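Commentary on secondary and tertiary structure
Each chain is listed here by its residues.
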Amino acid sequence: MEGNMNLTLKVWRQKNSNSEGRFETYDVKGISEDMSFLEMFDVLNERLITEGTEPVAFDHDCREGICGMCSMYINGQPHGPNRGVTTCQLHMRSFKNGDTITVEPWRAKAFPVIKDLAVNRSSFDRIISAGGFVSVNTGNAQDANALPIAKPDADEAFMAAACIGCGACVAACKNASAMLFTSAKISQLALLPQGQAERSIRAEKMVAQMDEEGFGACTNTGACEAECPKGISLENIARMNREYFSAVLTSK
Amino acid sequence: MSWVTKTLSSSLGRKLLMGVTGLSLIAFLLVHCGINACIFFNDGGETFNKAAEFMGTNWLIRTAEIGLFLGLIVHIVDGLLLWKSNNEKRPVKYAVNGAANSTWYSRSMGLLGTLLLIFLVIHLRHFWVVSRFTDEITSGKETLFGEMKEVFENPVPVVIYVLGCISLAYHLLHGFQSSFQSLGWNHPKYTPFIKSVGTGFAIIIPLIFAAMPIAMYLGIIK
């Protein structure tokens, strides 16, 4: 795929989590406007490899907006200028020929840089492990209609479950708060009958883990909701607040 | 740590404290504004002085005043601590800040609050200290209305008070609806109502407050 876009990239390069990072400037030529942002990075990396230099490390996996791996802070916005898309779904037609694009990793105390643009998001995994699950007995799967769930409830739970855990909410928040993520994970289970058994301890444990990981507190600016590629709503944070306070008041 | 301190020192608990104390301060503002608006009767401060005397001597109000100051101290201390700890959560800052994804005032509550704190010190020195810690008013030498006229003869305090009201307006514009969110009150039935009441409150109350020093300075209220 050849194109006629020529761009200047300012990319954060950092050898490892202990080293100091800095911006490197690269000129990329012949980019097609139909390429995704990650494909443009592939072109750059191919060239860096042929030149015998270290390619830029960045996270990616499915490249269709559902895995939550890609994580680039592009021109001061997580996942770039478009709303409701991940970096892999961002296309070069969103930029103009001759543009200078600055690419940084997610910045948060709880997301240390591993290398270049790749950050360690295992703090999210530990929040999930703390309570974002349901315990079920193994055996045959039960009939799908054994638990009646109203359609609006199923839809609302699904809206929360759409969170792919990419961390754009943390990256966008001025406090590097993980509340949109944690609240979506609490909500998707709190709204369904399967989530009721562990409901009271879930919010307490997940919030405690979230605080321990070093994420900030929420100041309700709404930046997370605006930047979330999956449109997770702030209503989830309010639900988490309710879940948490009713849990601490009643737990034994 | 007991479960109460553990809860209140969690990130959610600290926001709850901000929300609850913020709402009590909002309730106070409404009363404060109502009492002070008595000067607009333009009766030489007669109604206002009566209302001020009631507020200063009624035991229920005086007890509530203690609660108000406790709430205010919690709001200030918790707010400053949250500001500090939230700032530390991003040790390496971004080089580029892109298109706005939130309002500037929602991101500047710490700054607006600090401006309000500075204003509050000046404001308490002007009126509260005089009425509580000197005998100027109790002895009948001076009235609170007279005190207001004296302070607002000078354009400097007038400008400071108007700037204080602007900070208050933006602080409330975010703070009012934000406190409900922190309490977990976000619902399609109520949130639009809360947001419009909050916007109205944030505009009208500071506007009435700002009108007082201006009207006194211009001699509209005699």
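Because the structure is predicted, anything quoted here is derived from the model rather than measured. (Residues numbered from 1 in each chain as written. Chains lettered and ligands numbered in written order. Predicted model: local features only at pLDDT ≥ 70, side-chain atom pairs only at ≥ 80, totals over all residues. Heavy atoms only, no water.)

**Brief notes about the pattern of salt bridges**
All names here are of chain B.
- Overall, the coordinates contain 17 salt bridges over all chains when judged by the stated rule.
- The partner of Glu 46 in a salt bridge is Lys 50, with the nearest N and O atoms 4.0 Å apart. Taken together, the residues Glu 46 and Lys 50, both in helix H3 (residues 46–57) and 4 residues apart, mark about one turn of the helix.
- Residue class for Glu 46 comes out partly exposed when judged on its relative accessible area of 48%.
- Given the relative accessible area of 56%, Lys 50 is considered exposed.
- In this structure, a network of salt bridges that share partners links the residues Arg 62, Glu 65 and Arg 132. (Salt bridge = Lys/Arg side-chain N within 4 Å of Asp/Glu carboxyl O. Helix = DSSP H or I, 4+ residues; strand = E, 2+ residues; numbered from the N terminus. Buried < 20%, exposed > 50% of the residue type's maximum accessible area, 1.4 Å probe, protein only.)

**Comments concerning the nonpolar core**
- Formed by 41 residues in total, the largest nonpolar core has its most connected members in A:Phe111, A:Phe124, A:Val170, A:Met210, A:Phe215, A:Ile237 and B:Leu12.
- Those residues within four positions of A:Phe111 in sequence are excluded, and the remaining contacts are A:Trp106, A:Val119, A:Asn120, A:Arg121, A:Ser123, A:Phe124, A:Gly167, A:Val170 and A:Phe215.
- Ranked by size, the runner-up nonpolar core spans 38 residues in total, among them B:Tyr105, B:Met148, B:Val151 and B:Phe152. (Core = buried A, V, L, I, M, F, W, Y, C linked by side-chain atoms within 4.5 Å. Contact = heavy atoms within 4.5 Å.)

**Some thoughts on the interface of chain A and chain B**
- Listed as interface residues are 47 residues of chain A and, on the opposing side, 34 residues of chain B.
- Between chain A and chain B, roughly 3,300 Å² of surface is buried when both sides are summed, and carbon and sulfur atoms account for 55% of that area.
- Area buried by chain A at its contact with chain B is led by A:Arg107, A:Asn220 and A:Phe245, which between them contribute 18% of it.
- Our count for the contact surface shared by chain A and chain B stands at 0 salt bridges.
- Here chain A is connected to chain B by 22 residue pairs in polar contact (both at pLDDT 80 or more).
- Those elements giving two or more residues to the side of chain A that touches chain B turn out to be strand E5 (100–104), helix H4 (168–172), helix H6 (199–212), helix H7 (223–227) and helix H8 (235–250) of chain A.
- If you tally residues by element for the side of chain A that touches chain B, the top one is H8(A), at 10 residues.
- Residue composition of the side of chain A that touches chain B, grouped by class: 26 nonpolar, 12 polar and 9 charged. (Buried area = accessible area lost by both parts, 1.4 Å probe. Polar contact = N/O pair within 3.5 Å; in protein donor to acceptor, adjacent residues only side chain to side chain. Nonpolar A, V, L, I, M, F, W, Y, C, P; charged D, E, K, R; others polar.)

**Things to note about the state of the cysteines**
Residues and elements named next belong to chain A.
- Per the stated rule, a full pass over the model turns up 0 disulfides over all chains.
- Not part of a disulfide, Cys 70 finds its nearest cysteine sulfur in Cys 88, a span of 3.9 Å.
- Given the relative accessible area of 4%, Cys 70 is considered buried. (Disulfide = S-S within 2.5 Å.)

**Comments concerning the pairing of strand E1 (residues 5–13) of chain A**
- Here E1(A) pairs with strand E2 (residues 22–31) of chain A via 8 bridges, running antiparallel. Looking across to E2(A), one finds that A:Leu9 is bridged to A:Tyr26. (Pairing = 2+ DSSP bridges.)

**A few points about the layout of surface pockets**
- Computed from the structure, the second largest pocket encloses a volume of approximately 460 Å³.
- In terms of residue class, the lining of the second largest pocket is built from 9 nonpolar, 9 polar and 5 charged. (1 Å grid on protein atoms, 1.4 Å probe; cavity = no way out; pocket = protein on both sides within 12 Å on 5 of 7 lines; lining within 4 Å. Points joined across faces, edges and corners; volume = space filled by probe spheres on them.)

**Things to note about the environment of B:Lys93**
Residue and element names in this part refer to chain B.
- By secondary structure assignment, the location of Lys 93 is in the loop between helix H4 (59–87) and helix H5 (104–107).
- Residue classification places Lys 93 among the partly exposed positions, given a relative accessible area of 48%.
- Side-chain polar atoms of Lys 93 contact the backbone oxygen of Asn 87, separated by 3.2 Å.
- Reaching out from Lys 93, the side chain makes a polar contact with the backbone oxygen of Arg 90 at a distance of 2.8 Å.

**Re the UniProt feature "transmembrane region" (unreviewed entry) in chain B**
- Feature annotation in UniProt places "transmembrane region" (unreviewed entry) on residues 16–39, 59–83, 104–124, 158–176 and 197–220 of chain B, given in this structure's numbering.
- What you have in residues 104–124 of chain B is 95% helix and 0% strand, and the ends, taken at the C-alpha atoms, are 28 Å apart. (UniProt positions renumbered as here; feature names shortened; annotations may be inferred.)

**As for a nonpolar patch on the surface**
All names here are of chain B.
- Taken together, the side chains of Leu 80, Trp 83, Leu 111, Leu 115, Leu 117, Ile 118 and Val 121 present a nonpolar region at the surface, about 610 Å² in accessible area.
- Elements with a minimum of two residues in the nonpolar patch: H4 and helix H6 (109–133).
- Per element, the largest residue contribution to the nonpolar patch is 5 residues, and it comes from H6.
- Assignment of secondary structure puts Leu 117 in helix H6. (Patch = residues over 30% accessible without salt bridge, like charges linked within 9 Å, V, L, I, M, F, W, Y side chains within 5 Å. Areas by Shrake-Rupley, 256 points an atom, 1.4 Å probe, with all protein chains shown as cover.)

**Observations regarding the side chain of B:Asn101**
- Along the polypeptide, B:Asn101 turns up in the loop between H4 and H5.
- In this structure B:Asn101 touches A:Arg83, A:Ala172, A:Gly222, A:Ala223, A:Ala226 and A:Glu227, once residues within four positions along its chain are discounted.

**Points about helix H8 (residues 155–182) of chain B**
All names here are of chain B.
- Here H8 spans 39 Å end to end across 28 residues, near enough to the 40 Å set by a 1.5 Å rise per residue.
- At the N-terminal end of H8, a side-chain oxygen is found 3.0 Å from the backbone nitrogen of Val 156, two or three residues along, and the residue is Asn 154.
- A positive phi of about 90 degrees marks Gly 184, the residue just after H8. (Expected span 1.5 Å × (residues − 1).)

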